[in-house]
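Spelled out from the first residue to the last, the chains are:
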Amino acid sequence: MEFLLQLVLNGVVIGSIYALVALGFVIIYKSSSILNFAQGEFLMLGAYLCVAIVGAYHVPLWAAFILTLAFFALMGILMERLLLRPMIGEPTISVIMLTLGLASILKAIAQGIWGTETHPYPQIFPSDPVMIGPLPVSQGYLFSVASVGVLLVLFSAFFKYTRAGIAMRATAFSQQVALSMGVSVQRIFALAWSIAAVVSAIGGVLLGGIRGGVDGAFAFFGLKVIPVVILGGLDSVLGAIVGGLVMGVLENLAGGYLDPVFGGGVKEVAPFIALVAILSLKPYGLFGKVKIERV
């Protein structure tokens, strides 16, 4: 029983990071109806940049964290301005291919600067565990889950109650309608990419602190989060939360119970098997909106 609880707890922690990165997908999809396949690279660069600032300039970690977020807010705006804005009105598949190319470029840049070895992370969280029942729980786990929870609640409120959030939803529904209502589609796109980049950078720093280091494998988080986004329904913040937690727990349970039986590898494919099974019952995801097209 204790082993099961430990697997579930670890799954909730990793699932919360999945949910945070999935939120970046949701933000961009809500504003532009496209998936950004460079989201995992944003996470990786955020983790690398924060630890590089600490090592190169010997600034406190909190200051490096703020500088990292500021850099990614600006980077998101610049990427939208230079790369995505010329693609407004183009077929969705063209924009998706652009994000795939951007992911490859960012990965190559990171590898060229920091190499392929693991870079150790400074200690972010206290090392003394907290006892929850019979389980010793790292304070880093608790802090990460709490931070992600607060961010997801804030973004849910942002989309529902603020003018910018409502404008994002209107832009995703129809760019032409949004323009006719006085919404600046270009500004909405820039805001969406800036927020998505910042969210991924936060996820990268939290993940680096939990794992104690960062390497190029962080980029694969973007691919692992795609089943989370699809499972949740693409444009649902609540779906990102639930999908992330479900996939995180499922992945850890598969790794703990099925990997020893089958000799490994089940942990990596379990989320995709679950995705296929769930989508066969709910094609639009758990919280996706059913779209009806009349001909």
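Placed above this text is the structure.
All of the points below concern the structure found in this document. Quick caveat: nothing in here was measured; it's all calculated off a predicted structure.

**Looking at the overall build of the protein**
Along its length, the protein carries 11 helices and four strands. On C-alpha atoms alone, the protein measures out to a radius of gyration of 19 Å, which is about the 19 Å that the 2.2 N^0.38 rule sets for 295 residues. Taking the principal axes of the C-alpha coordinates as reference, the protein spans close to 60 × 50 × 35 Å. Among the 295 residues that make up the protein, the fraction classed as buried is 47%. Per element, the accessible surface of the protein, about 14,500 Å² overall, is 69% carbon and sulfur.

**With respect to the side chain of S194**
Within the secondary structure, S194 is located in helix α8 (residues 185–211). Overall, the relative accessible area of 9% leaves S194 in the buried class. Excluding anything up to four places from it in sequence, S194 contacts F72, A73, G76 and I77.

**What about the environment of G89?**
By the secondary structure assignment, G89 is in the loop between α3 (61–84) and α4 (92–114). In this structure the C-alpha to C-alpha distance between G89 and Q175, which are 86 residues apart in sequence, comes to 8.9 Å.

**Re helix α5 (residues 139–161)**
Under the 1.5 Å per step criterion, the end-to-end length of α5 is 33 Å for 23 residues, consistent within 8% with the ideal 33 Å. Turning to α5, its buried residues number three or more, namely G140, S144, S147, V148, L151, L152, F155, F158 and F159. Elements in contact with the buried residues of α5: α1 (2–32), α6 (163–173), α8 and α10 (237–262).

**What to know about the packing of helix α9 (residues 221–232) against helix α11 (residues 266–281)**
Orientation of α9 relative to α11, taken along the N-to-C sense of each, is 20°, at an axis distance of 10 Å. Compared by their axis directions, α9 and α11 come out roughly parallel. Two packed elements cross with a definite hand, and for α9 against α11 that hand is left-handed. Every residue of α11 that contacts α9 at L223, P227, I230 and L231 is listed here: P271, F272, L275, I278 and L279. A per-class count over the contact of α9 with α11 returns nine nonpolar, no polar and no charged.

**As for the packing of helix α2 (residues 39–57) against α4**
Between α2 and α4, whose axes approach to 10 Å, the crossing angle comes to 25°. In terms of axis orientation, α2 runs roughly parallel to α4. The two elements α2 and α4 meet at a crossing, and its hand is left-handed. Together, E41, F42, M44, L45, Y48, L49 and A52 of α2 and A103, L106, K107, A110 and W114 of α4 make up the contact between the two elements. Partitioning the contact of α2 with α4 into residue classes produces 10 nonpolar, no polar and two charged.

**Here we look at the packing of aromatic side chains**
Counted by the stated rule, this structure contains five aromatic pairs. When the ring of F3 is compared with that of Y257, the centres are 5.4 Å apart and the planes differ by 75°; the resulting orientation is edge-to-face. Of this pair, F3 sits in helix α1 while Y257 is found in helix α10, placing the two residues 254 residues apart along the sequence. Residue Y257 is classed as partly exposed on the basis of its relative accessible area, which comes to 40%. Geometry around F220 places K107 over its ring, the cationic atom sitting 5.3 Å from the centre. If you follow K224 out to its NZ or CZ, it ends over the ring of F221, 5.7 Å from the centre.

**Brief notes about α11**
Here α11 contains 16 residues, and its C-alpha end-to-end distance of 22 Å stays within 8% of the 22 Å for a straight helix at 1.5 Å per residue. For α11, the set of buried residues is V266, A270, P271, A274 and L275. Buried positions along α11 lie against α9 and α10.

**Some details on the pattern of salt bridges**
Summed over all chains, the structure comprises two salt bridges. Between K107 and E41 there is a salt bridge whose closest N-O contact spans 3.7 Å. With a gap of 66 residues between them, K107 in helix α4 and E41 in helix α2 connect regions that are remote in the sequence. Across the pair K224 and E251 runs a salt bridge whose closest N-O atoms are separated by 3.3 Å. On the criterion of sequence distance, the pair formed by K224 in helix α9 and E251 in helix α10 is long-range, its members being 27 residues apart.

**A look at the nonpolar core**
Counting residues in each nonpolar core, the largest one holds 79 residues, and the members touching the most others are I27, F42, F72, F155, M168 and V225. Sort the elements by how many residues they give to this core and α8 lands first, with 15 residues. Every residue in contact with M168, bar those within four places of it in the chain, is listed here: I27, K30, S31, F158, F159, I188, L191, A192 and I195.

Calculation criteria
- Residues numbered from 1 in each chain as written.
- Predicted model: local features only at pLDDT ≥ 70, side-chain atom pairs only at ≥ 80, totals over all residues.
- Heavy atoms only, no water.
- Helix = DSSP H or I, 4+ residues; strand = E, 2+ residues; numbered from the N terminus.
- Rg over C-alpha atoms; globule rule 2.2 N^0.38 Å.
- Buried < 20%, exposed > 50% of the residue type's maximum accessible area, 1.4 Å probe, protein only.
- Areas by Shrake-Rupley, 256 points an atom, 1.4 Å probe, with all protein chains shown as cover.
- Contact = heavy atoms within 4.5 Å.
- Expected span 1.5 Å × (residues − 1).
- Axes fitted to C-alpha atoms, helices over the stretch in contact; angles between N-to-C directions.
- Parallel < 35°, antiparallel > 145°, perpendicular 65-115°, else oblique.
- Left-handed = near helix turned anticlockwise from the far one by under 90°.
- Nonpolar A, V, L, I, M, F, W, Y, C, P; charged D, E, K, R; others polar.
- Phe/Tyr/Trp six-rings, centres within 6.5 Å; stacked < 30°, edge-to-face > 60°.
- Lys NZ or Arg CZ within 6 Å of the ring centre and 35° of its normal.
- Salt bridge = Lys/Arg side-chain N within 4 Å of Asp/Glu carboxyl O.
- Core = buried A, V, L, I, M, F, W, Y, C linked by side-chain atoms within 4.5 Å.

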